[in-house]
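Each chain, written out:
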Amino acid sequence: MMAGNSRKGRDLRVHDLSELAAVIGCEVQSAAGGEAPANPIVTSATIRAQSAREGTLFVALAGARVHGAQFAGEAVKNGAVAVFTDPEGAKFVAENVGT
């Protein structure tokens, strides 16, 4: 299961993205809303874009002041392979981060 320091991201058992999506009950979409992307391997998860690294699932949640999706671009630049977010965040990512 999950272990590690939340400030550095949480290490997961290795899952491919489609397997992880099935476990948590969501679907995989591309940032542009088209066909789902390749099926990357997810090795960690974090809510901090600064902590993202290769293999990270960036979890972009709505906050009291800002939406975590505003930091998706930084997470992707740091190596995040996917962004988990709500419809509002998905729209932001599609318009500002792209595929």
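Scroll up to find the structure this text is about.
Everything in this summary refers to the structure shown in the same document. (Residues numbered from 1 in each chain as written. Predicted model: local features only at pLDDT ≥ 70, side-chain atom pairs only at ≥ 80, totals over all residues. Heavy atoms only, no water.)

1. A closer look at the overall build of the protein
Link 1 in the chain: Across its full length, the protein carries 3 helices and 4 strands.
Link 2 in the chain: The order of α-helices and β-strands along the protein, N terminus first, is β-α-β-β-α-β-α.
Link 3 in the chain: Looking at the 99 residues of the protein, the share that counts as buried comes to 29%. (Helix = DSSP H or I, 4+ residues; strand = E, 2+ residues; numbered from the N terminus. Buried < 20%, exposed > 50% of the residue type's maximum accessible area, 1.4 Å probe, protein only.)

2. A look at the side chain of His67
Link 1 in the chain: Topologically, His67 is positioned in the loop between strand 3 (56–60) and helix 2 (72–77).
Link 2 in the chain: Under the relative-accessibility criterion, His67 is labelled buried at 7%.
Link 3 in the chain: In this structure the side chain of His67 is engaged in a polar contact, spanning 3.0 Å, whose partner is the backbone nitrogen of Ala69.
Link 4 in the chain: Ignoring any residue separated from it by four or fewer positions in sequence, one finds His67 in contact with Ala60, Leu61, Ala62, Thr85, Asp86, Glu88 and Gly89. (Polar contact = N/O pair within 3.5 Å; in protein donor to acceptor, adjacent residues only side chain to side chain. Contact = heavy atoms within 4.5 Å.)

3. Some details on the nonpolar core
Link 1 in the chain: If you look at the biggest cluster of nonpolar residues, it comprises 9 residues: Ala49, Ala52, Phe58, Ala60, Ala69, Ala72, Ala75, Ala80 and Val93.
Link 2 in the chain: At the level of secondary structure, the elements contributing two or more residues to this core comprise strand 3 and helix 2.
Link 3 in the chain: With sequence-adjacent residues up to four places away left out, Ala69 is seen in contact with Ala60, Thr85, Gly89, Phe92 and Val93.
Link 4 in the chain: Membership of the second largest hydrophobic core comes to 7 residues, among which are Leu17, Leu20, Ala45 and Leu57. (Core = buried A, V, L, I, M, F, W, Y, C linked by side-chain atoms within 4.5 Å.)

4. Re the pairing of strand 4 (residues 82–85)
Link 1 in the chain: Strand direction decides the pairing type here: strand 3 and strand 4, joined by 4 bridges, are parallel. Residue pairing for strand 4: Val59 is matched across the bridge by Phe84.
Link 2 in the chain: Tracing the backbone out of strand 3, into helix 2 and back to the parallel element strand 4 gives a crossover that is right-handed. (Pairing = 2+ DSSP bridges. Right-handed = clockwise from strand over helix to strand, strands pointing away.)

5. Points about the side chain of Thr56
Link 1 in the chain: Take Thr56: it is sitting in strand 3.
Link 2 in the chain: Here the side chain of Thr56 touches Arg53 through a polar contact of 2.8 Å, landing on its backbone oxygen.
Link 3 in the chain: Residues contacting Thr56, with those up to four places away along its chain left out, are Ser44, Ala45, Thr46, Gly79, Ala80, Val81 and Ala82.

6. Quick look at helix 1 (residues 17–24)
Link 1 in the chain: Every buried residue of helix 1 is accounted for by Leu17, Leu20 and Ala21. Buried residues along helix 1 cover an arc of 100° about the axis, so they all sit on one side. Among the exposed residues of helix 1, those oriented more than 90 degrees off its buried face are Ala22 and Val23. (Arc of directions from axis to C-beta.)

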